[in-house]
Amino acid sequence: RERELLSSHGYSQNQLCLWKYPTMAKMAELTGHTARVLHMVASPDGETVVSAASDETLRFWKAFGNSESRTAKAKVSSSTSSVLRTRNIR
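My aim in this report is to walk through the structure given alongside it, one point at a time. Small disclaimer: the values here were computed from a predicted structure and weren't measured.

1. Section: the pattern of salt bridges
- For the structure shown, the criterion picks out two salt bridges.
- For Lys26, the salt bridge goes to Glu29, with nearest N and O atoms at 2.7 Å.
- For Lys62, the salt bridge identified is with Glu47, shortest N-O distance 2.9 Å. Here Lys62 is found in strand E6 (residues 57-62), whereas its partner Glu47 is found in the loop between strand E4 (37-42) and strand E5 (48-53), with 15 residues between them in sequence.
- For Lys62, a relative accessible area of 45% corresponds to the partly exposed category.
- In this structure Glu47 comes out as partly exposed when scored by relative accessible area, which is 30%.

Following this line, the structure appears as structure tokens:
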């Protein structure tokens, strides 16, 4: 069974990184926040992750699930790489 780990990062790219466990090989970078990522949480089903950043946005990522579609989408490095549109916190 393949295991994965997701980490969030601040400066300089403000991204989330998906790692293969236990080799810790980077599988994907999820970008889109314009400021550092402060928090992230997984959905109860374990497929979606929500990240909150100091740019006052929430992003919903389909980080876990079908690895083929996730890998193809993760290669796109733009603000449209999250699952849903950006939502302002305030």
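2. What to know about the nonpolar core
- Residues Leu6, Leu16, Leu18, Ala28, Leu30, Val37, Val49, Trp61, Ala63 and Phe64 constitute the largest nonpolar core, which totals 10 residues.
- Listed by contribution, the elements that provide at least two residues to this core are strand E2 (16-21) and strand E3 (25-30).

3. Comments concerning a nonpolar patch on the surface
- There is a patch of nonpolar side chains on the surface, built from Leu5, Tyr21 and Met24 and spanning about 280 Å² of accessible area.
- Looking at the secondary structure, you find Met24 in the loop between E2 and E3.

4. Things to note about the side chain of Arg59
- Of note, Arg59 is situated in strand E6.
- We note that Arg59 is buried and unpaired, the nearest opposite charge coming from Asp55 at a distance of 5.5 Å.
- From its side chain, Arg59 meets the backbone oxygen of Gly32 in a polar contact 3.1 Å long.

Rules behind the numbers
- Residues numbered from 1 in each chain as written.
- Predicted model: local features only at pLDDT ≥ 70, side-chain atom pairs only at ≥ 80, totals over all residues.
- Heavy atoms only, no water.
- Salt bridge = Lys/Arg side-chain N within 4 Å of Asp/Glu carboxyl O.
- Helix = DSSP H or I, 4+ residues; strand = E, 2+ residues; numbered from the N terminus.
- Buried < 20%, exposed > 50% of the residue type's maximum accessible area, 1.4 Å probe, protein only.
- Core = buried A, V, L, I, M, F, W, Y, C linked by side-chain atoms within 4.5 Å.
- Patch = residues over 30% accessible without salt bridge, like charges linked within 9 Å, V, L, I, M, F, W, Y side chains within 5 Å.
- Areas by Shrake-Rupley, 256 points an atom, 1.4 Å probe, with all protein chains shown as cover.
- Lys, Arg positive; Asp, Glu negative; His and termini not counted.
- Polar contact = N/O pair within 3.5 Å; in protein donor to acceptor, adjacent residues only side chain to side chain.

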